[in-house]
4 protein chains.
Amino acid sequence: MTIRVVVWGENVHEQTNAVVRGIYPNGMHACIADALNEHAAIDAGTATLQEAEHGLPQARLDETNVLLWWGHAAHGDVDDAVVERVAEAVWSGMGLIVLHSGHFSKIFKRLMGTPCNLSWREAGERERIWVTAPNHPITAGLPQFFELESEEMYGEPFGIPEPDETVMIGWFQGGEVFRSGVTYRRGAGRVFYFQPGHETYPTYHDPMVRQVLRNAVLWAYNGEPRLTAVTDAPNRPVEKAPEKITARGPRLHADGEEGFR
Amino acid sequence: MTIRVVVWGENVHEQTNAVVRGIYPNGMHACIADALNEHAAIDAGTATLQEAEHGLPQARLDETNVLLWWGHAAHGDVDDAVVERVAEAVWSGMGLIVLHSGHFSKIFKRLMGTPCNLSWREAGERERIWVTAPNHPITAGLPQFFELESEEMYGEPFGIPEPDETVMIGWFQGGEVFRSGVTYRRGAGRVFYFQPGHETYPTYHDPMVRQVLRNAVLWAYNGEPRLTAVTDAPNRPVEKAPEKITARGPRLHADGEEGFR
Amino acid sequence: MTIRVVVWGENVHEQTNAVVRGIYPNGMHACIADALNEHAAIDAGTATLQEAEHGLPQARLDETNVLLWWGHAAHGDVDDAVVERVAEAVWSGMGLIVLHSGHFSKIFKRLMGTPCNLSWREAGERERIWVTAPNHPITAGLPQFFELESEEMYGEPFGIPEPDETVMIGWFQGGEVFRSGVTYRRGAGRVFYFQPGHETYPTYHDPMVRQVLRNAVLWAYNGEPRLTAVTDAPNRPVEKAPEKITARGPRLHADGEEGFR
Amino acid sequence: MTIRVVVWGENVHEQTNAVVRGIYPNGMHACIADALNEHAAIDAGTATLQEAEHGLPQARLDETNVLLWWGHAAHGDVDDAVVERVAEAVWSGMGLIVLHSGHFSKIFKRLMGTPCNLSWREAGERERIWVTAPNHPITAGLPQFFELESEEMYGEPFGIPEPDETVMIGWFQGGEVFRSGVTYRRGAGRVFYFQPGHETYPTYHDPMVRQVLRNAVLWAYNGEPRLTAVTDAPNRPVEKAPEKITARGPRLHADGEEGFR
């Protein structure tokens, strides 16, 4: 089994900010892909905002099992058509892992149906991430907690729907808390949001963070053939009803007519 | 206590289809509002697609506790700005009850983050709705099940996120099942989807259906002052951190700068 | 409307520990009941371990809308029959609010189906409780966070099922986090667990804590007539099937026979 | 990878009822184990009520990845100590699949915290099971629905907590519906309840049912080392607090003392 993964990176601050370039000389996406490729079953490549169709043409999404998404400064530059394409891929079975400032990405907001907002502070403070669901596939092999000496504070309330599962909660030195690891199912696709990853800190070099990312890919992987027609609303006519019935009463739709959308 | 309710009706088939007009001579929305006004604590008015801003200007939403939504043929004609306005009202605490073909309304899809699709058949068949959560506020006073002699079949799979609660499941004569009553929380707003209500049948004259609608309004009502700034992501600067900390490390943002969106 | 509430207190450390008696001279249960009675719609009394049937005979539970439970040193002394009686009351519609060390009470473990364990430290450290669900009925009127200058540390992982809703999360000075306010539905009864309340600190004198308790009572209240026969598994014989069917095939049970349990 | 599975069968009606013996000459548990062993990664054995410790000594549970449970006539004969042992195994990471009349087993009620009751009818009627979560690991490869020509009717309301996921819903010829496939997480263990399987019908010979069972085993499998001390509530003393703090205020517990239970 090989899990085909694409790490999508906005790739803006790596080009414009010397601090970020210093930490991630090949881009954050490359660093994250490297972390994933340490697992034998994962084959991770990258895509960036600047590529044609942001590196996510339909054909590539069709063969992607899990997509990771890191964006920050240029959420608004992501083409709506690509966002919708990614959403359909998720509903049809592709896994999606949204990272850090990706909480405000179009795709995360699209799939959550909520503002996905939070409070924040950029102070290099210490974060301690607690595992609330030991031995969950995403927390496999982790200690009870791990620490990041410097992270951006993300604080509650986090404007998300009630998660299917809360698997990690972050403690911040400045006094805040945050649901740092939460899961959702959207159609046949599994979605994981993971809070660490501010670009001016070396978060994606941290061994614990890298393990979480690998775990999350394994968890989000759905080996079944992708669903098709995931937005269709098919008519099942009377003669194909599982139980024999006879039509009666007034109707809006003639035989074979499509429903309204 | 008075619960201020607006019943939003698309008001299309009532104007164009004699069958529908025969059943609902004043419009479906008026019939639904009448059902609600049978409860002393509810004060229900109506709004329609054809009114300015679809009858939902900001000032009216601001003073609405619960909004009901019935649409079918003209989902695409609803202005995106109004949809977003309603979404923000829900996040800030307004209740929302989505009816029948409203599963494909822009507002429901917006809040769910999924296709909200289903299979369907217009055959006048019998539906029997089972209460799966007895004594839930939405099912209060209902028998174990109630029947609608003719309803449109809506069949699984229903393309929604896992509901917070499944309070009713429908059985159809033709052999299908459907999660006919499901609840969600989106921000501070409660959302209820209720499946019955095809316009060529007298569903909203049914006493059980009317009771569910009144129950749902009481359940969805949030008496607290509406939240403000529900999409903001406020910076909490170092000097306002709950615990005393000192900023350190590199930063992207200067003091007082807004975050990226 | 009057909400009839019983505050159940173990009433052990108030008798044996001078510090606790000093803070709660009339017992913790009395202090909590006083907090509730500040709301005009609530009529709260008390019950203690030492009373006959622990103060919870069937007749009293039958007329109780919401029960609060504080216990710590004597969980094992609570009669199993009373625990089962309370469980049935919850399933039939009574609200239950479990406080602090009540995480290890028989009734909470009975209703959760999990160990309900946690880590702990008694160091008088500061706790800051963050609201994760603003404008939820339980958090109504609260600020973004409130602080308790001294609380017992309760740390994750908390051995509970995934909550229906996580409405508050606690930050501890010593570095831990905890899901401090979580909700569940069990049958027709709503259940709320609230973490603060160590007996050697004046927690139940805190205005924010008192507000949460009042809010939780309003939220947990179910005004419907209590369900009956909540553990029965009724046979619905062929002649009473909603749809006409004819029995066929081999059977284990003769007509009118009860099912196995 | 080999998934070690034990199929627990009550093995009563196979011995006492000629119809059941005719359908399952080697016992229902053997038939179910055969279905599982058709998958190369699964190594399934059996255990029965009549064996010492019901075939579930601690050493065997320790090496079991997933346990399936079928019981009906003799729930009361299952030793409470074995039930608690199984519960701890689930919390520590063992998967559990509860079948049909196992809804009333001690272990299922223990893990749910609710009555787990339902209504029922033994009439050989047709059931049609709809997939509500296409491409979920448990429904992988299934058609939209499958039919069992004869099953015992199990009807709502089903006295369970709100499921983490509802993956299948059953339609019954006599007019009822049932949440036929529901999932839960309890500690590190995944739990699946699957409704079909009345002993007087050949349900476990059905190819679709057998596929669901295999799928469920793969889904419930947790390859991580089993958690230990899953019911402990460890004290984390001041000197081991992640952040440096100083103890202050009154205390109940001396250093090193255990907490109350």
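Bear in mind the structure is a predicted one, so any value in this text is a computation, not a measurement.

A count of helical and extended segments in chain A gives seven helices and nine strands. Overall size of chain A, expressed as C-alpha extent along the three principal axes, is 70 × 40 × 35 Å. Burial status across chain A gives 65% buried among its 261 residues. Taking the contacts inside chain A whose residues are at least 6 apart along the sequence as the reference set, 71% of them involve residues at least 24 apart. A total of about 8400 Å² of accessible surface is found on chain A, and carbon and sulfur atoms cover 48% of it. Taking the average place of the 23 positive charges on the side chains of chain A and the average place of its 35 negative ones, the gap between the two points comes to 6 Å.

Here we come to the interface of chain A and chain B. In this assembly, 67 residues from chain A lie in contact with 67 residues from chain B. Between chain A and chain B, roughly 5400 Å² of surface is buried when both sides are summed, and carbon and sulfur atoms account for 54% of that area. Looking only at chain A, the three residues that lose the most surface to chain B are Trp-120, Arg-248 and Leu-252 of chain A, adding up to 14% of its buried area. The interface formed by chain A and chain B holds six salt bridges in total. Salt-bridge contacts for Arg-185 of chain B lead to Glu-162 of chain A; the nearest nitrogen and oxygen are separated by 2.8 Å. Taken together, the connections running from chain A to chain B amount to 34 residue pairs in polar contact (both at pLDDT 80 or more). For the side of chain A that touches chain B, the elements supplying multiple residues, two or more each, are α6 (106-112), β5 (119-131), β6 (145-155) and β8 (177-186) of chain A. Top element by residues in the side of chain A that touches chain B is β5 of chain A. It accounts for eight residues. Within the side of chain A that touches chain B, the residues separate by chemical class into 26 nonpolar, 21 polar and 20 charged.

Let us look at the sheet that holds strand β9 (residues 189-194) of chain A. Residue and element names in this part refer to chain A. With mixed pairing, nine strands are arranged side by side in an open sheet as β2-β1-β3-β4-β9-β8-β7-β5-β6. What marks the edges here is a single partner per strand, and that holds for β2 (42-48) and β6. Recorded for the sheet is a direction-independent mean angle of 25° between the axes of neighbouring strands. For strand β1 (residues 3-9) and β2, the ladder comprises seven bridges, and the chain directions are parallel. Residue pairing in the sheet places Ile-3 in a bridge with Ile-42 of β2.

We now examine the packing of aromatic side chains. Aromatic rings considered in pairs are described by the distance between their centres and by the relative angle of their planes. This structure, assessed with the given rule, holds 38 aromatic pairs over all chains. Taking 5.2 Å as the distance between ring centres and 55° as the angle between the ring planes, the aromatic pair formed by Phe-158 of chain B and Tyr-193 of chain B counts as tilted. In this pair, Phe-158 of chain B sits in the loop between β6 (145-155) and β7 (165-172) while Tyr-193 of chain B sits in strand β9 (residues 189-194), placing the two residues 35 residues apart along the sequence. Like Tyr-193 of chain B, Phe-158 of chain B is buried. With 4.6 Å between their ring centres and 50° between their planes, Trp-130 of chain C and Phe-145 of chain C make a pair best called tilted. Taken together, the residues span a long stretch of sequence, with Trp-130 of chain C in strand β5 (residues 119-131) and Phe-145 of chain C in strand β6 (residues 145-155) at a distance of 15 residues. The buried category is assigned to Trp-130 of chain C, whose relative accessible area is 0%. Given a relative accessible area of 25%, Phe-145 of chain C falls into the partly exposed group.

Glancing now at the relation of the copies chain B and chain C. Both copies of the chain are related by one operation, a rotation about an axis with a shift along it. When chain B is fitted onto chain C, the two copies agree to an RMSD of 0.0 Å after a turn of 180° and an axial shift of 0.0 Å. In symmetry terms, the pair is related by a two-fold rotation axis. Across chain B, the smallest distance between a C-alpha and the rotation axis is recorded for Asp-164 of chain B, namely 3.6 Å. An overlap of 100% is found between the interface residues of chain B and their copies at the interface of chain C, pointing to a shared contact surface.

So, on to the confidence of the model for chain A. Of all residues in chain A, 100% have pLDDT values of 70 or greater, and the mean over the chain is 97. Taken over the whole predicted complex, pTM reads 0.98, whereas the ipTM for its chain interfaces reads 0.97.

So, on to the side chain of Glu-152 of chain B. Residue and element names in this part refer to chain B. On the secondary structure map, Glu-152 appears in strand β6. Buried charge without a salt bridge: Glu-152, with Arg-121 as the nearest opposite-charge side chain at an N-O distance of 9.4 Å. At a separation of 2.8 Å, a polar atom in the side chain of Glu-152 contacts the side chain of His-198. Excluding residues within four positions of it along the chain, Glu-152 makes contact with His-100, Trp-120, Arg-121, Glu-122, Phe-172, Gln-195, His-198 and Tyr-201.

To continue, consider helix α3 (residues 28-37) of chain A. Taken across its 10 residues, α3 of chain A has eight buried, putting it largely inside the fold. Within the span of α3 of chain A, buried status applies to Met-28, His-29, Ala-30, Cys-31, Ile-32, Ala-33, Ala-35 and Leu-36 of chain A.

Bringing the interface of chain B and chain C into the picture now. The accessible area lost on association of the parts is a frequent measure of interface size. Counting residues at the interface gives 28 residues for chain B, matched by 28 residues for chain C. Per-residue buried area on chain B facing chain C is highest for Asn-135, Arg-185 and Glu-243 of chain B; these three make up 30% of the total on that side. Put simply, chain B and chain C have six salt bridges between them. Between Arg-185 of chain C and Glu-165 of chain B there is a salt bridge, and its shortest N-O distance comes to 2.9 Å. On inspection of chain B and its partner chain C, the count reaches 12 residue pairs in polar contact (both at pLDDT 80 or more).

With respect to the secondary-structure elements, Arg-185 of chain D resides in strand β8 (residues 177-186). Polar contacts involving the side chain of Arg-185 of chain D include one to the side chain of Glu-162 of chain C, which spans 2.8 Å. Residue contacts for Arg-185 of chain D: discarding those within four places in its chain leaves Ala-133, His-136 and Glu-165 of chain A, Glu-162 of chain C together with Asp-164 of chain D.

Moving on: unusual backbone geometry. The omega angle of the peptide bond from Glu-156 of chain B to Pro-157 of chain B is 0°, so this bond is cis rather than trans. One can find Pro-157 of chain B in the loop between β6 and β7. Backbone geometry places His-100 of chain A, a non-glycine residue, at a positive phi of 45°. With respect to the element layout, His-100 of chain A can be found in the loop between β4 (95-99) and α6. For Glu-53 of chain C, which is not glycine, the phi torsion reads 50° and is therefore positive. Assignment of secondary structure puts Glu-53 of chain C in the loop between β2 (42-48) and α4 (58-62).

It is worth spelling out the sheet that holds β2 of chain C at this point. All names here are of chain C. Reading across the sheet, the nine strands line up as β2-β1-β3-β4-β9-β8-β7-β5-β6 and stay open at both edges, with mixed pairing between neighbours. The sheet terminates laterally at β2 and β6, the two strands that pair on one side only. Mean inter-strand twist for the sheet, computed between neighbouring axes without regard to direction, equals 25°. Of the strand pairs in this sheet, strand β8 (residues 177-186) and strand β9 (residues 189-194) are connected by six bridges, and their pairing is antiparallel. Counterpart to Val-182 in the pairing with β9 is Tyr-193.

Moving on, we come to the environment of Trp-8 of chain A. Residues and elements named next belong to chain A. Mapping Trp-8 onto the fold places it in strand β1. What Trp-8 contacts, discounting residues up to four positions off in sequence, is Ala-47, Thr-48, Leu-49, His-54, Leu-56, Leu-67, Leu-68, Trp-69, Trp-70, Gly-71 and Val-78. A distance of 3.0 Å separates a polar side-chain atom of Trp-8 from the backbone oxygen of His-54.

Moving on, we come to the environment of Thr-132 of chain C. Relative to the helices and strands, Thr-132 of chain C is located in the loop between β5 and β6. Thr-132 of chain C sits in the buried class, given a relative accessible area of 5%. Separated by 35 residues in the primary sequence, Thr-132 of chain C and Val-167 of chain C have C-alpha atoms spaced 5.0 Å apart. Apart from residues lying up to four places away in sequence, Thr-132 of chain C is in contact with Glu-156, Pro-157 and Arg-179 of chain A together with Thr-166, Val-167, Met-168 and Ile-169 of chain C. In this structure the side chain of Thr-132 of chain C is engaged in a polar contact, spanning 3.3 Å, whose partner is the backbone nitrogen of Met-168 of chain C.

What follows deals with the pattern of salt bridges. Scanning the entire structure with this criterion turns up 68 salt bridges over all chains. Of the charged contacts in the structure, one is a salt bridge between Glu-147 of chain D and Arg-128 of chain D, with a shortest N-O distance of 2.8 Å. Separated by 19 residues along the polypeptide, Glu-147 of chain D in strand β6 (residues 145-155) and Arg-128 of chain D in strand β5 (residues 119-131) bring together distant segments of the chain. With relative accessibility at 34%, the residue Glu-147 of chain D sits in the partly exposed group. On the basis of relative accessibility, which here comes to 0%, the residue Arg-128 of chain D falls in the buried class. Ionic contacts of the salt-bridge type, sharing partners, join the residues Arg-126, Arg-128, Glu-147 and Glu-149 of chain A, Arg-248 of chain B together with Glu-243 of chain D into one network.

Parameters at a glance
- Residues numbered from 1 in each chain as written.
- Chains lettered and ligands numbered in written order.
- Predicted model: local features only at pLDDT ≥ 70, side-chain atom pairs only at ≥ 80, totals over all residues.
- Heavy atoms only, no water.
- Helix = DSSP H or I, 4+ residues; strand = E, 2+ residues; numbered from the N terminus.
- Buried < 20%, exposed > 50% of the residue type's maximum accessible area, 1.4 Å probe, protein only.
- Contact = heavy atoms within 4.5 Å.
- Areas by Shrake-Rupley, 256 points an atom, 1.4 Å probe, with all protein chains shown as cover.
- Lys, Arg positive; Asp, Glu negative; His and termini not counted.
- Charge placed at Lys NZ, Arg CZ, Asp CG, Glu CD.
- Buried area = accessible area lost by both parts, 1.4 Å probe.
- Salt bridge = Lys/Arg side-chain N within 4 Å of Asp/Glu carboxyl O.
- Polar contact = N/O pair within 3.5 Å; in protein donor to acceptor, adjacent residues only side chain to side chain.
- Nonpolar A, V, L, I, M, F, W, Y, C, P; charged D, E, K, R; others polar.
- Pairing = 2+ DSSP bridges.
- Axes fitted to C-alpha atoms, helices over the stretch in contact; angles between N-to-C directions.
- Phe/Tyr/Trp six-rings, centres within 6.5 Å; stacked < 30°, edge-to-face > 60°.
- Least-squares fit on C-alpha atoms with pLDDT ≥ 70 in both.
- pLDDT = per-residue confidence, 0-100.

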